[in-house]
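Spelled out, the chains give:
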Amino acid sequence: MTTSRRRPGRPRLTEQRATADLIVEAATGLFARHGFDAVGVRDIATAAGVDVSTVHHHMGTKAELYDTCFARVFEAERAALREAAEAASGAVAAYGEAAGDAAARAALVALHELLDAFVDFLEDRPETTALWLRRWLEPERHAEFDARYATPLYHQVEQALTEADAVGLLTEPTAHIAVRSLVWAVHAHVVSLLSGRAGARERRELRAFLHRWMDRMYGPDA
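Just so we're clear, the structure is a prediction, and the values are computed from it rather than from any experiment.

So, how was this worked out
- Residues numbered from 1 in each chain as written.
- Predicted model: local features only at pLDDT ≥ 70, side-chain atom pairs only at ≥ 80, totals over all residues.
- Heavy atoms only, no water.
- Helix = DSSP H or I, 4+ residues; strand = E, 2+ residues; numbered from the N terminus.
- Contact = heavy atoms within 4.5 Å.
- Expected span 1.5 Å × (residues − 1).
- Buried < 20%, exposed > 50% of the residue type's maximum accessible area, 1.4 Å probe, protein only.
- Core = buried A, V, L, I, M, F, W, Y, C linked by side-chain atoms within 4.5 Å.
- Axes fitted to C-alpha atoms, helices over the stretch in contact; angles between N-to-C directions.
- Parallel < 35°, antiparallel > 145°, perpendicular 65-115°, else oblique.
- Left-handed = near helix turned anticlockwise from the far one by under 90°.
- Nonpolar A, V, L, I, M, F, W, Y, C, P; charged D, E, K, R; others polar.

So, on to the environment of valine 55. Looking at where valine 55 falls in the secondary structure, it is placed in helix 3 (residues 52–59). Apart from the residues lying within four places of it in its own chain, the contact partners of valine 55 are Ile23, Val41, Ala45, Val50, Gly60 and Leu65.

Shown next as structure tokens:
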């Protein structure tokens, strides 16, 4: 019995993935700091420690690499929010089946934890905010990224708020406005972190504010 052998000089699949990850990581950082036009493929290659041909081999054109950076950030954010979003939907459904103070508190705690998961992600990955802000400086350019890499996450959280409204837990009928208001508040917070103006106290204050905002403006007694 014979086994296939890797041809000399041909990188292993894990090595190829590691190289691609290095390139995407380097490109994400550069695009976040400088924007699409100001970054060249040679800049990315230098930052990743590879040559230009390797960047093209793994990622294609610069535009394709830019798209990949947003796709990777999107997948990471979706993974970070998945568990909290599912828990929030479950807690809201439980309240709908057995309304009561305890169930209401449990559902609101779950919604708080969903907000916290979003804040945690952006605080841990501030390049996400920088990357999106660079894209939004030119609203009509790469606009398709919003539909692919932002709107699905917005809808996920909007669904949780809409479900809560449907069972009488929340009273806000415009969930899409609520979500976008929260998103921009957190992005502004991350900008303060990036500039060095915000510290541990500001991090605590933001979370407390978001929880109060949810309870007072979108709670059943609002």
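Topologically, threonine 128 is positioned in helix 6 (residues 127–136). If we skip the residues at most four places from it in the chain, threonine 128 touches Val73, Glu77, Phe121 and Leu122.

Attention now goes to helix 9 (residues 175–195). Its 21 residues place the ends of helix 9 31 Å apart at the C-alpha level, agreeing with the 30 Å of an ideal helix rising 1.5 Å per residue. Regarding helix 9, the residues found buried are Ala175, Ala178, Val179, Leu182, Val183, Val186, His187, His189, Val190, Ser192 and Leu193. One or two positions beyond helix 9, positive phi appears at glycine 196, with a value near 85 degrees.

Formed by 68 residues in total, the largest nonpolar core has its most connected members in Phe31, Leu65, Leu111 and Leu169. Ignoring anything within four residues of it in the chain, the contact list for leucine 65 reads Ile23, Val24, Ala27, Phe31, Ile44, Val55 and Met59.

The next subject is the packing of helix 8 (residues 151–166) against helix 9. Running from amino to carboxyl end, helix 8 crosses helix 9 at an angle of 125 degrees, the nearest separation of the two axes being 9 Å. Considering the angle they form, helix 8 stands oblique to helix 9. Between helix 8 and helix 9 lies a crossing whose hand is right-handed. Residue-level contacts link Tyr154, Val157, Glu158, Leu161 and Thr162 of helix 8 to Ala175, His176, Ala178, Val179, Arg180 and Val183 of helix 9. Split by residue class, the contact of helix 8 with helix 9 holds seven nonpolar, two polar and two charged.

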